[in-house]
Amino acid sequence: MEAASPEGPGASQPLVLGAAEAFVSLLRRMKDKLFTWNILKTIALGQMLSLCICGTAITSQYLAERYKVNTPMLQSFINYCLLFLIYTVMLAFRSGSDNLLYILKRKWWKYILLGLADVEANYLIVRAYQYTTLTSVQLLDCFGIPVLMALSWFILYARYRVIHFIAVAVCLLGVGTMVGADILAEREDNSGSNVLIGDILVLAGASLYGISNVCEEYIVKKLSREEFLGMVGLFGTIISGSQLLIVEYKDIANIHWDWKIALLFVAFALCMFCLYSFMPLVIKATSATSVNLAILTADLYSLFFGLFLFSYKFSGLYILSFSIIMVGFIMYCSTPTRTAEPAESSVPPVTFIGIDNLGLKIEENFQETHSAVL
């Protein structure tokens, strides 16, 4: 009899098994890379911030649609007052370089500029809705992310990798999908009275948000969370209170107060206070850029609640948009950025691992040490 050929069907089985084992190994490495405890914790914290923003959006919409109350500066003023009563007073009772008077003597003008940027960023975005469309606001508001990344590059010396730019592009694709869903669901009910002015206001507000977030990241990582919140509370109260008397005194006088309106104001203030209190904690653990990517889902949460509260039309694109944004956010958090220290002399700058995505870097270093020991 003729001997069987070694290249029969059985010879391909080891190749198939090897490919399957390689694929399983790849999936395990991806799982270990993308679904670590620190990344899951970052996702949870980011979505908590998104829910806080969602709460402010829903209460504001209730006030505007059900009770015809449009007072964004008054609502912000209440939040700044809460920050002042908690964190500014806390600084007043501290001693040494953390004392309120010591900080004011050395850095008062810097915090005035920071408070002005924070107050006006909130005001310009809300005011833009009166001139331009919802689609323009949602799209142009994302302009703050590249502004934030550019400022982080030059001010915080953050150094990004290719995966970070791809992740940001994926997140922006998710925002585009959300806007498309809004158009298909016919939520675009405002053609805008002056689109150009509205778009300029959105771009200016987004840029101020980027400036404020970069300053926040620097302060909470280099100084303290309490100093940032205390100074923003102090100067935010003064600036928003002064602007309130100029631009909204007639609107406030026309409010017909009852317990429902008061409750909505309280709910808005609590959501905003929680947002301001928790955001520095998340930024300190990750970065301002990753936080801004995480809160892109806030509009989607508002849409989901609006299905029940405001009779919005549902679209499967909302689910797709949420999924795309979360994929981009996980991609961004999966790889830590690097920080380039500025040269203080003629010695060339040294590049080393920074403090963006700190938990992920600690975990990676631990795994490398463990592998070296083995």
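Please read all numbers here as calculations on a predicted model, not as lab measurements.

**Some remarks on the packing of aromatic side chains**
The description of an aromatic ring pair rests on the distance of the ring centres and on the angle between the ring planes. For the structure on display, the rule yields 6 aromatic pairs. With 5.8 Å between their ring centres and 65 degrees between their planes, Tyr301 and Phe322 make a pair best called edge-to-face. Of this pair, Tyr301 sits in helix H13 (residues 298-309) while Phe322 sits in helix H14 (residues 316-334), placing them 21 residues apart in sequence. For Phe322, a relative accessible area of 23% gives the class partly exposed. Chaining the aromatic ring pairs together yields one cluster made of Trp153, Tyr160 and Phe165. The ring of Trp153 carries Arg159 above its face, with NZ or CZ at 4.1 Å from the centroid.

**Section: the packing of helix H4 (residues 100-128) against helix H8 (residues 195-222)**
As a packed pair, H4 and H8 sit with axes 8 Å apart at the nearest point and diverge in direction by 145 degrees. Where H4 crosses over H8, the two elements pack in a sense that is left-handed. Contacts between H4 and H8 pair Tyr111, Leu114, Ala117, Asp118, Glu120, Ala121, Asn122, Leu124, Ile125, Arg127 and Ala128 from the former with Gly198, Leu201, Val202, Ala204, Gly205, Ala206, Leu208, Tyr209, Ser212, Cys215 and Ile219 from the latter. Classifying every residue of the contact of H4 with H8 gives 15 nonpolar, 4 polar and 3 charged.

**What about a nonpolar patch on the surface?**
On the surface, Leu51, Phe305, Phe308 and Leu309 cluster together into a nonpolar patch covering about 420 Å² of accessible area. Examining the composition of the nonpolar patch, we find that 3 residues originate from one element, H13, more than from any other. Following the sequence through the fold, Leu51 ends up in helix H2 (residues 37-66). For Leu51, a relative accessible area of 44% translates into the label partly exposed.

The rules we used
Residues numbered from 1 in each chain as written. Predicted model: local features only at pLDDT ≥ 70, side-chain atom pairs only at ≥ 80, totals over all residues. Heavy atoms only, no water. Phe/Tyr/Trp six-rings, centres within 6.5 Å; stacked < 30°, edge-to-face > 60°. Helix = DSSP H or I, 4+ residues; strand = E, 2+ residues; numbered from the N terminus. Buried < 20%, exposed > 50% of the residue type's maximum accessible area, 1.4 Å probe, protein only. Lys NZ or Arg CZ within 6 Å of the ring centre and 35° of its normal. Axes fitted to C-alpha atoms, helices over the stretch in contact; angles between N-to-C directions. Left-handed = near helix turned anticlockwise from the far one by under 90°. Contact = heavy atoms within 4.5 Å. Nonpolar A, V, L, I, M, F, W, Y, C, P; charged D, E, K, R; others polar. Patch = residues over 30% accessible without salt bridge, like charges linked within 9 Å, V, L, I, M, F, W, Y side chains within 5 Å. Areas by Shrake-Rupley, 256 points an atom, 1.4 Å probe, with all protein chains shown as cover. Salt bridge = Lys/Arg side-chain N within 4 Å of Asp/Glu carboxyl O.

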